[in-house]
Amino acid sequence: MADARVIPLGDGDRNARLAASRAARKVGATGPAAPRPRKPRAKPAAEATGYAEPDQSPPPAHLPADHGDDGVGAGRDGAGGTGLVDWLDFLRRRLTGEYAVDDIGFDAELTDKVLLAALRPLYDHWFRVETRGLENIPDTGGALVVANHSGTIALDAAMTQLAVHDHHPAHRDLRMLGANLVFSTPFVGELARKAGHTLACNPDAERLLADEQVVGVWPEGFKGIGKMFADRYKLQRFGRGGFVAAALRSRAPIIPCAIVGAEETYPMIGNAKALARLLSLPYFPITPTFPWLGPLGLVPLPSRWVIEFGDPIPTDHYPAGAADDPMLVFNLTDQVRETIQQTLYRLLVQRRGVFV
Amino acid sequence: MSVVLVSGVSRHLGSSFARLLDADPAVSRVIGVDVVPPRADIGGAEFVRADIRNPIIAKVIASAGADIVVHMGVISTPLQAGGRLTMKDINVIGTMQLLAACQKSATVRKLVVKSTSSVYGAGPKDPAKFTEDTEPRSQPRSGWAKDSVEVEGYVRGFGRRRPDVTVTTLRFANVLGPRVETAMSGYFSLPLLPTVLGHDARMQLVHEDDLLETLRQAVVADHPGTYNVAGDGVLMLSQAARLAGRQALPVPSPMVGLVGGWFRRAGFVDFSTEQVRFLTYGRALDTTRLTEDFGFTPTYNTRETFESFVADRLVDRTLPRERIVAFEQGLAHALGRRTVAELHDSAATPDSQEVRHG
């Protein structure tokens, strides 16, 4: 299987790519929510990777931004506008309701400015996520990202969304499909809707794909996220293959995605099943730090992550009605699962250590 | 030229619809039926005081030779009927009597039913948008929504027994507008809006004018089948509260029943179980069938519907937009900056439109 195509960790190419994407993000280009001044970022990033940052920072055009009337355009297109003014504008529109959500409830501006912003330090400095193969996600059109699930709470999904949003050249929004427990849980359900996610069911998957969105699915569900540390990186059963049927009906490519690092964030060494039943949760994790250290136990371990998007598996050459052929659906499901599993093994062999 | 019988003509939507039909050249005669005389003007329409809960309705249909029946007699809140039992009687028994009369009639060739999207219920297991064929995961168990499920069941039964009669069922999203009184208009008129802590519902609305126009088109042309009717787009409940200049009062879900009970007993507004589920999980409709098969696109989207309601009905805002804007500008000036809003005002770019409606 796949002769080890060794991709050394931390080579120069990767750093250049990181730097470029950081620069791109600093300039920002995602519609009205674009201006995202984060001046002090370049330096810690350089320290974290241990490489001198190439002289990539353009003169910070957004800093002095004289607000003459001709500055209006600049204030909107992401090159100008002071952070303060943008934040005041943002807050005013929040307080007066002058913003838009899509039919699913996705609040693009809130997601970018608040929800993902809260995750960025975790992504950059805590997990030091390295993302590979983003070019496999198309710039336009629907695509279905299928990934392995791990880590007790769905941090892997959140990091993948951030990776695709911040580092993909087209800054695409990953619209994920979640279990109904997510949407019945207070706060979690509300945030999930606002971050653009919806219930894992075929009508919603096909609606999003027909709308040319990038859809993310974690077919292992709770079986994957709530598995024991001893079973780490062993893929669980992939549901009923509903995601494959959705991709076939929408003729969208399937992009297998392997995430390494999330398993070690909260190593689950026990499962308090009685407590889980009492709270009607699928599992109640016991980790070396939780619940022993109280709130401190909620701090994830700082493992180093790799998120790798594999080659797309096209589905548009199958005849119409292929989604109703269970054998084909099972075979494709197995192919996707095998690809992710092999990628995980390859990435694990290459990994120098969990935390370095 | 047709003779149209409208049940439930005395409430606002019924009277407005009778007036609209009366003005329509394709309709020769409009007969309105209700338990109480209409409060509003029904134009040239004739009013017959008849309780649709008893068989008199059959005589009315026969003597008028009505060929189209529009059923708008399903009422939505016990406050309107004077109690839940009366409400259920009017809704369910009334529909059964009306359908029995239609089934016997030799003249009736079309039935148009005003139903509601609340037949879909609302819950965490439902897909993001309901199509007409979506099986609801959480069947409504009480109130108006349950009555409407039963009404639709009887209407389907009628359609099977009289396949020669064209049956159109219109499932309307929550109706708002400058005049109509609904559970939602009552809710948003509260000084404080009780919401469910940790949940933010998606709401889809339909403007009262679009509701009347859809019904009118179903009368003047034949559109057999069931159609969702709603304005485009959704508003989040929290967003609607802010557009209305209202302060939300998040209530933890175990206490929602209690707080809802206070509001109900105080006579403010009707908080049924279904209403609370809607305010928790929200609901959105797929209106593809309406635009493509029925051939009607509502003129107001959800946001415009809500804004027209706010502009005409909510004059006393607790958090007016002007005050928030003034505060922002004050703060910016104190810091020696100009705000984005001012920049937009001084050079009216198309972007400001995009920000509002995008």
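Before going into details, it helps to say that this report is about the structure given with it. (Residues numbered from 1 in each chain as written. Chains lettered and ligands numbered in written order. Predicted model: local features only at pLDDT ≥ 70, side-chain atom pairs only at ≥ 80, totals over all residues. Heavy atoms only, no water.)

Details of the overall build of chain B
Okay, step 1: A count of helical and extended segments in chain B gives 15 helices and 13 strands.
Okay, step 2: Taking 21 Å as the expected radius of gyration for a compact globule of 358 residues, we find that chain B reaches 22 Å, a close match to that expectation.
Okay, step 3: Based on the C-alpha atoms only, the size of chain B along its principal axes is roughly 80 × 45 × 40 Å.
Okay, step 4: Out of the 358 residues belonging to chain B, those deemed buried represent 57%. (Helix = DSSP H or I, 4+ residues; strand = E, 2+ residues; numbered from the N terminus. Rg over C-alpha atoms; globule rule 2.2 N^0.38 Å. Buried < 20%, exposed > 50% of the residue type's maximum accessible area, 1.4 Å probe, protein only.)

Some details on the sheet that holds strand β3 (residues 46-49) of chain B
Note on sheets: strands pair through backbone hydrogen bonds, and any given pair is parallel or antiparallel.
All names here are of chain B.
Okay, step 1: On the basis of which strands lie adjacent, the open sheet formed by seven strands has the order β3-β2-β1-β4-β5-β6-β11 and parallel pairing. Pairing within the sheet leaves two strands with one partner each, and these edge strands are β3 and β11 (225-229). Each strand of the sheet is rotated relative to its neighbour by a mean of 20°, with strand direction disregarded.
Okay, step 2: Across four bridges, strand β4 (residues 68-71) lies against strand β5 (residues 110-116) in parallel orientation. Bridging across to β5, I68 finds its partner in K110.
Okay, step 3: Here helix α5 (residues 143-161) sits on the sheet in contact with β5 and β6 (166-172), set at roughly 160° to β5.
Okay, step 4: On the sheet, helix α7 (residues 208-220) packs against β1 (2-7), β2 (27-34), β4, β5, β6 and β11 and is oriented at approximately 160° with respect to β5. (Pairing = 2+ DSSP bridges. Axes fitted to C-alpha atoms, helices over the stretch in contact; angles between N-to-C directions. Contact = heavy atoms within 4.5 Å.)

Side note on the packing of aromatic side chains
Okay, step 1: Tallied over the full model, the rule gives ten aromatic pairs over all chains.
Okay, step 2: With a centroid separation of 5.9 Å and an interplanar angle of 45°, the aromatic rings of F306 of chain B and F309 of chain B are classed as tilted. Placement of the pair is F306 of chain B and F309 of chain B together in helix α12 (residues 302-313), with a separation of three residues, close to one helical turn. F309 of chain B matches F306 of chain B in its accessibility class, with the two residues each being buried.
Okay, step 3: Site record: aromatic cluster; members linked through ring pairs are Y187, F188, F306 and F309 of chain B.
Okay, step 4: For the cation-ring pair, K113 of chain A lies above W87 of chain A, with the distance from its terminal atom to the ring centre recorded as 5.2 Å.
Okay, step 5: Note that R193 of chain A overlies the ring of F183 of chain A, its terminal NZ or CZ placed 4.8 Å from the centroid. (Phe/Tyr/Trp six-rings, centres within 6.5 Å; stacked < 30°, edge-to-face > 60°. Lys NZ or Arg CZ within 6 Å of the ring centre and 35° of its normal.)

What to know about the nonpolar core
Okay, step 1: Membership of the largest hydrophobic core comes to 36 residues, with the highest contact counts inside it found for V6, F17, V70, L170, L215 and V219 of chain B.
Okay, step 2: Breaking this core down by element, the ones donating at least two residues are β1, α1 (12-22), β2, β4, β6, α7, β11 and α11 (288-294) of chain B.
Okay, step 3: Broken down by element, the residue count for this core peaks at five residues, all from α7 of chain B.
Okay, step 4: If you look at the next biggest cluster of nonpolar residues, it comprises 34 residues, including L144, L177, F238 and I313 of chain A. (Core = buried A, V, L, I, M, F, W, Y, C linked by side-chain atoms within 4.5 Å.)

Re helix α13 (residues 326-350) of chain A
Residue and element names in this part refer to chain A.
Okay, step 1: Its 25 residues place the ends of α13 36 Å apart at the C-alpha level, agreeing with the 36 Å of an ideal helix rising 1.5 Å per residue.
Okay, step 2: For α13, the full list of buried residues reads L328, V329, L332, T333, V336, I340, Q341, T343, L344, R346, L347 and Q350.
Okay, step 3: Residues of α13 that are buried in the fold lie against β1 (130-132), β2 (143-147), α11 (242-250), β6 (254-260) and β9 (306-309). (Expected span 1.5 Å × (residues − 1).)

Focus on the environment of D41 of chain B
All names here are of chain B.
Okay, step 1: The topology assignment puts D41 in the loop between β2 and β3.
Okay, step 2: Judged by its relative accessible area of 52%, D41 is exposed.
Okay, step 3: Taking the C-alpha atoms as reference points, D41 and A62, separated by 21 residues in sequence, lie 25 Å from one another.
Okay, step 4: Residues in contact with D41, not counting those within four places in the same chain, are S15 and R19.
Okay, step 5: In this structure the side chain of D41 is engaged in a polar contact, spanning 2.9 Å, whose partner is the backbone nitrogen of G43. (Polar contact = N/O pair within 3.5 Å; in protein donor to acceptor, adjacent residues only side chain to side chain.)

Brief notes about unusual backbone geometry
Residue and element names in this part refer to chain A.
Okay, step 1: Of the consecutive residues F290 and P291, the connecting peptide bond is found in the cis state with omega at 0°.
Okay, step 2: Relative to the assigned elements, P291 resides in the loop between β8 (285-286) and β9.
Okay, step 3: The backbone of H171 shows a phi angle near 45°, a positive value even though the residue is not glycine.
Okay, step 4: With respect to the helices, strands and loops of the structure, H171 is situated in the loop between α6 (155-167) and β3 (174-178).

Thoughts on the sheet that holds β6 of chain A
Residues and elements named next belong to chain A.
Okay, step 1: Within the open sheet, the seven strands sit side by side as β1-β9-β6-β2-β5-β3-β4. Their pairing is mixed. With partners counted over all chains shown, the strands left at the sheet margins are β1 and β4 (198-199), one partner each.
Okay, step 2: As paired strands, β2 and strand β5 (residues 214-217) are joined by four bridges and run parallel to one another. Note on β5: the bridge partner recorded for V145 is G216.
Okay, step 3: Packed onto the sheet, α6 meets β1, β3, β6 and β9 and runs at close to 160° relative to β3.
Okay, step 4: Against the sheet, α11 touches β2, β5 and β6, its axis set at about 165° to β2.

So, the pairing of β9 of chain A
Residues and elements named next belong to chain A.
Okay, step 1: Of the two faces of β9, the one holding V306 and E308 and the one holding I307 and F309 are both buried throughout.
Okay, step 2: Where β1 and β9 come together, three bridges link them in parallel fashion. What sits directly across from R132, in β9, is E308.
Okay, step 3: Sheet topology note: the β6/β9 ladder contains four bridges and is antiparallel. When the bridges of β9 are listed, V260 appears paired with V306.

Some words on the packing of α1 of chain B against α7 of chain B
All names here are of chain B.
Okay, step 1: As a packed pair, α1 and α7 sit with axes 10 Å apart at the nearest point and diverge in direction by 50°. With respect to α7, the axis of α1 lies oblique. Regarding α1 and α7, the two cross each other, and that crossing is right-handed. Two secondary-structure elements touch here, α1 through H12, L13, S16, F17, L20 and L21 and α7 through E208, L211, L212, E213, L215, R216 and V219.
Okay, step 2: Tallied by class, the residues present in the contact of α1 with α7 amount to eight nonpolar, two polar and three charged. (Parallel < 35°, antiparallel > 145°, perpendicular 65-115°, else oblique. Left-handed = near helix turned anticlockwise from the far one by under 90°. Nonpolar A, V, L, I, M, F, W, Y, C, P; charged D, E, K, R; others polar.)

A word on the pattern of salt bridges
Okay, step 1: This structure, assessed with the given rule, holds 38 salt bridges over all chains.
Okay, step 2: The salt bridge partner of D102 of chain A is R175 of chain A, with a shortest N-O separation of 2.9 Å. Here D102 of chain A is found in the loop between α4 (83-96) and α5 (108-126), whereas its partner R175 of chain A is found in strand β3, with 73 residues between them in sequence.
Okay, step 3: With a relative accessible area of 25%, D102 of chain A lands in the partly exposed category.
Okay, step 4: The class for R175 of chain A is buried, based on a relative accessible area of 1%.
Okay, step 5: In this structure, D147 of chain B and K88 of chain B form a salt bridge, with 3.9 Å as the shortest nitrogen-oxygen distance. (Salt bridge = Lys/Arg side-chain N within 4 Å of Asp/Glu carboxyl O.)

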